[in-house]
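# A structural walkthrough
Residues per chain, in single letters:
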Amino acid sequence: MIKNKLDLEKYIKNIKETKKSPKTQIVVSLGTCGRAAGGMAVYEKLQELIEAENISDITIKKTGCMGLCHSEPTVEVISSDSKKRIIYGNIKPDNVKTILTVREAGASTLTAVPKEWYYPETEDNTDNSPQARIVLKNSGNIDPASLDEYFMNDGYIALAKAITDMTPQNVIDEVKDATLRGRGGGGFITGVKWGLAAKEKNTEKFVICNADEGDPGAFMDRAVLEGDPFAVLESMTIAGYAIGADTGIIYIRAEYPLAIATLIDAIKKAKEKGFLGNNILSTNFSFNIELKYGAGAFVCGEETSLIKSIEGERGEPTNKPPYPAVEGLWSKPTIVNNVETYANVAPIIRKGADWFKKIGTKGSPGTKVFALAGKINKVGLAEVPMGTTLRDIIFKIGDGIPNNKEFKAVQTGGPSGGCIKSDKLDLGIDYDTLKEIGSMMGSGGMIILDEDDCMVSIAKFFLGFTLDESCGKCTPCRIGNKRLHEMLTKICEGTATPLTLKKLKNLSEVIKITSLCGLGQSSPNPVLSTMDQFEDEYLAHVNDKTCPAGACKGLLTYNINNKCIGCTLCAKKCPVNCISGEKKEKHTINQDECIKCGVCYDVCNFGAINKK
Amino acid sequence: MENKNRCALGSENILDKSPEKKEQLTKYLEILDIFKEEKRRKGKLIQALHKAQELYGFLPESVQLFIATSFKIHLSEVYGVISFYSYFTDKPVGKFKINVCTGTACHVKGADKILKKFSDTLNLKEGETSKDLRFSLGGLRCVGACSLAPVVLVNERVYGNVTEAMIPQIIKECE
């Protein structure tokens, strides 16, 4: 049990002095994705060999996500003598023996992850690397199950500072001054939200952490929860102190079992040391955190729906105002922030708003974590200062597009966002610039699309998602999106007329302004932004009945070219027997009977089928 | 509210079929402290449903009724919650739950083809369960393993970079 700020400082000093670092430390990334890629087998092999060969100067450690999804499973080797650190990627249990022999020296059979991708020590080193880590500083670096390791990385210094040296109002002012904007998507200024809740005179208030990360293709919150759980707990406790709440609730997806287990363990350990519970650091301030599980409803990422869900109801949104800060959970003042937002709070309190404002842009200080996925060479998590250009993120960090394909667009903001074309690649992105070009920050998912992706069908994909996830409470969202989806289907099938495009745009705008909550208000964004940026593609579908990307099945024609040697394989596989020709002679496809299933294209070994 | 004698006609009473599960569920409800009169009792409903589904694999009407009675709310309120959240199901599910991730990253890498191939091979539509209760086929929104896209989950096991050619093997591994 740690009694006060002085006690904490002494404790940290003590562990720093007494904890001897081993000659070599081997760290294995074991977030959900690391485990899925086979990280656990690597860890067990390490354990086994170290024990069998009785190696005493190596210790092994589990850590969370390093963000290097493209190279999972990853293993980092740190030497305490030379201070050298190296990360090996795509490690199999067979490589373990080599690692134990060569350690940080590297070997021809091991692939090291390029240093540009990973700067573990660069919280301040924003000048020479495209990445800057505030939120992900500890993730992939410390053992998430060890409170001591969190202490050694300045853990709980911020909370001790807040409740010892600052008044609640000071804390709010600092966060407000830092202009920390909500990282969940909307970008509302966190300090203002806290100020509203603090002003309410109510004996009971709530601090909620929104960990219902539902945006497909976004997984940064999971990385933080699995890799640095104490950071979230500490920041929520600071928030509790600031607004005068004694209960915190983390609303987490049931689909994140590892994050749930990590949090339960972290809460227990924080309680044991006196950082949760009654009279924290011997003050009058008490705070507890409990977990509530989601049950697979995307709309529950919206704060009023989330609150309904915690109350055990259907997660349907309610009208705002009243805002949750005034009337939230059980009608009490409640603040809802997402995981990444909280992860910024402790560093802001520790280092001050002025430090934070030096990073990023004026309107959006700080960093943002992006999850790069889709048609990109290096899938993973990248944390960059706000204002970094898309070109830096996609081509410098993400290493460009695989298979020599052409970059077409990047989709940001998930189902509520939009697509950005190549002419905007040099735009520095933050909340405001993204909004200006018809997209949004969202939670930070970035799906990279190449020349083979049809923008109409991407818009249709997102509408399909919204349809599934619409709660059905308000008409524009429930019925309007259904109609949008139908129109997009018509366009993709080649049965639409120019009038369809006009209707599509009109209805999109109506849904945007008349829906009840954020989900409906933003659901037409993928349609509007693709119509705006890729109008020619829509026109090609409607007027010429072709799909320029060759993705819409209904608009394709398959033809056999001169490469055909007459092997008859396609004719044998064709489910409707519409391919004819003599053996060893060029075959032809009967277009009237072809159902465009693409089997011939898939089975041909000679590249003799054209798809257009 | 009185829920007794309202059990649906013709539906099997799965609750009474396994008394040990019923006991476990009752114990869990006691730990949740739901039998105490309290205004905020309903806040524990979703937790209770999670537990019940963990025990029974799905939420048949008899179990819903039992929970409704315990929470002193109407059956329709429980059903309303179950039908809202995609995690809950009131139909039995297969021993092997095959879920194809249809998140954006998997979509652009061809998840729809994978889903179709499973559908054709197992002769099941998305959301269906085979009659012998061996397989359930479903889509799933993003598991966050986007580097492995397209991703297929069989129960807890993750298959990454799935191609149509891998599908017979994946099904075989379920045996």
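Residues numbered from 1 in each chain as written. Chains lettered and ligands numbered in written order. Predicted model: local features only at pLDDT ≥ 70, side-chain atom pairs only at ≥ 80, totals over all residues.

## Concerning the overall build of chain B
- A tally of helices and strands in chain B yields eight helices and four strands.
- Along chain B, helices and strands appear, N-terminal first, in the series α-α-α-α-α-β-α-α-β-β-β-α.
- C-alpha atoms of chain B, sized along the principal axes, occupy 55 × 30 × 25 Å.
- Long-range pairs, those at least 24 residues apart, make up 61% of the contacts in chain B with a sequence separation of at least 6. (Helix = DSSP H or I, 4+ residues; strand = E, 2+ residues; numbered from the N terminus. Contact = placed C-beta atoms within 7 Å.)

## Examining the interface of chain B and chain A
- The interface of chain B with chain A comprises 31 residues on the first partner and 35 residues on the second.
- Of all elements in the fold, only α3 (45–56), α5 (75–84) and α6 (104–108) of chain B reach the threshold of two or more residues within the side of chain B that touches chain A.
- Grouping the amino acids of the side of chain B that touches chain A by side-chain chemistry returns 16 nonpolar, 11 polar and four charged. (Nonpolar A, V, L, I, M, F, W, Y, C, P; charged D, E, K, R; others polar.)

## A word on the domain arrangement of chain A
- The domain architecture assigned to chain A consists of domain 1 (19–113), domain 2 (147–356), domain 3 (367–450), domain 4 (455–544) and domain 5 (557–611).
- Of note, the centres of domain 2 of chain A and domain 5 of chain A, computed from C-alpha atoms alone, are 59 Å apart. (Domains from an automatic or database assignment.)

## So, the confidence of the model for chain B
Residues and elements named next belong to chain B.
- On average, residues of chain B score 88 in pLDDT, and 93% of them are at 70 or above.
- Here helix α1 (residues 14–17) is the element of chain B with the lowest mean pLDDT, 84, and α5 is the one with the highest, 96.
- Scored below 50 in pLDDT, residues 1–10 shows 14 contacts in the model against residues more than four places distant or in partner chains.
- In the predicted complex, the global pTM is 0.92; the interface-specific ipTM is 0.90. (pLDDT = per-residue confidence, 0-100.)

## So, the sheet that holds strand β8 (residues 288–293) of chain A
Residue and element names in this part refer to chain A.
- In spatial order, the strands read β8-β7-β6-β9; together these four strands make up an open sheet with parallel pairing. What marks the edges here is a single partner per strand, and that holds for β8 and β9 (334–338). On average, each strand axis in the sheet is tilted by 20° relative to the strand beside it, whichever way the strands run.
- In this structure, strand β6 (residues 206–211) lies alongside β9, joined through five bridges in parallel fashion. (Pairing = 2+ DSSP bridges. Axes fitted to C-alpha atoms, helices over the stretch in contact; angles between N-to-C directions.)

## What about the sheet that holds strand β11 (residues 380–385) of chain A?
Residues and elements named next belong to chain A.
- Taken together, five strands build an open sheet; the order of strands is β11-β10-β14-β12-β13 and the sheet is mixed. At either end of the open sheet lies a strand with only one pairing partner, and these are β11 and β13 (418–421). Across the sheet, the mean angle from the axis of one strand to that of its neighbour is 30°, orientation sign disregarded.
- Where strand β12 (residues 407–412) and strand β14 (residues 445–450) come together, five bridges link them in antiparallel fashion. Looking at the pairing, F407 lines up with D450 of β14.

## Section: the domain arrangement of chain B
- One can read the domain layout of chain B as domain 1 (14–84) and domain 2 (96–173).
- For domain 1 of chain B versus domain 2 of chain B, the distance between C-alpha centres works out to 31 Å.

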